[in-house]
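What follows is each chain in one-letter form.
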Amino acid sequence: MIQIADIREWRTHDVMDSGGHKIGTLEAIYVDTSTDEPAMATVLVGLPTRRRLVFVPLAGAIVGPGYVKVDYDRSLVKKCPAIGTDDVLPAEDEAAVFEHYGLSYKPGANGERQLARR
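Okay, so let's go over this structure. (Residues numbered from 1 in each chain as written. Predicted model: local features only at pLDDT ≥ 70, side-chain atom pairs only at ≥ 80, totals over all residues. Heavy atoms only, no water.)

## Some thoughts on the side chain of Q114
Within the secondary structure, Q114 sits in the loop between helix 3 (94-100) and strand 8 (115-117). From its side chain, Q114 meets the backbone nitrogen of K106 in a polar contact 2.6 Å long. The residues touching Q114, leaving out its near neighbours within four places in the chain, are V31, D32, T33, E94, F98, S104, Y105, K106 and P107. (Helix = DSSP H or I, 4+ residues; strand = E, 2+ residues; numbered from the N terminus. Polar contact = N/O pair within 3.5 Å; in protein donor to acceptor, adjacent residues only side chain to side chain. Contact = heavy atoms within 4.5 Å.)

This is the structure:
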């Protein structure tokens with residue numbers, strides 16, 4: 001299990017796919033609001049003039065010196081719903097991120113978001 005105390009150290013690490021190919025740079029970590037455990041990361045991708053943030057699940061991720069290796073292929077990650085580099089994921093778009101990876105989406109009992117940025 002990835003330790004939540006290490007999150008601050010992950011920022012700006014390279015994010016690698018399951019085959020060892022660089023996807024982009026880690027921008028932020030999102031935790032599952034029901035467990036407070038790291039659930040997703042945003043990855044900075046794109047050309048310098050057209051940067052965007054895509055989400056990738058952290059289940060099965062491996063943290064190494066200077067990188068985070070995720071369990072997903074680069075092409076799948078880059079096709080995930082994206083946000084601008086200064087944007088926040090709208091609550092109504094959260095389910096689409098989970099659906100993109102075939103994961104179940106479970107908002108709180110009162111409609112609370114499943115993800116929170118750390």
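## Let's talk about unusual backbone geometry
In this structure, T12 is a non-glycine residue whose phi angle is positive, near 75 degrees. You will see that D36, though not glycine, has its phi angle at about 60 degrees, which is positive. Relative to the helices and strands, D36 is located in the loop between strand 2 (22-32) and strand 3 (38-45).

## Concerning the pairing of strand 3
Taking burial as the measure, the 8 residues of strand 3 include 6 buried ones, the bulk of the element. In terms of strand pairing, strand 2 meets strand 3 through 6 bridges, oriented antiparallel. Note on strand 3: the bridge partner recorded for V31 is P38. The turn linking strand 2 back onto strand 3 is made up of 5 residues, and D36 within it adopts a positive phi angle of 60 degrees. Examined bridge by bridge, strand 3 and strand 4 (residues 52-57) share 6 bridges and lie antiparallel to one another. By the bridge assignment, L44 is partnered in strand 4 with L53. Adjacent in sequence and paired antiparallel, strand 3 and strand 4 are bridged by 6 residues, among which G46 carries a positive phi angle near 105 degrees. (Buried < 20%, exposed > 50% of the residue type's maximum accessible area, 1.4 Å probe, protein only. Pairing = 2+ DSSP bridges.)

## Things to note about the nonpolar core
Among the nonpolar cores identified, the biggest contains 28 residues, and F55, V56, L58 and V70 are the most heavily contacted of them. The set of elements that each furnish at least two residues to this core consists of strand 2, strand 3, strand 4 and helix 3. At 5 residues, strand 2 tops the list of elements feeding residues into this core. Filtering out sequence-adjacent residues up to four positions away, V70 remains in contact with V15, M16, D17, S18, I23, V56, P57, L58 and A61. (Core = buried A, V, L, I, M, F, W, Y, C linked by side-chain atoms within 4.5 Å.)

## Here's the deal with the pattern of salt bridges
Tallied over the full model, the rule gives 4 salt bridges. Of the charged contacts, one joins E27 and R11 as a salt bridge, the two residues approaching to 3.6 Å between their closest N and O atoms. In this pair, E27 sits in strand 2 while R11 sits in the loop between helix 1 (7-10) and strand 1 (14-16), placing the two residues 16 residues apart along the sequence. Residue classification places R11 among the partly exposed positions, given a relative accessible area of 48%. (Salt bridge = Lys/Arg side-chain N within 4 Å of Asp/Glu carboxyl O.)

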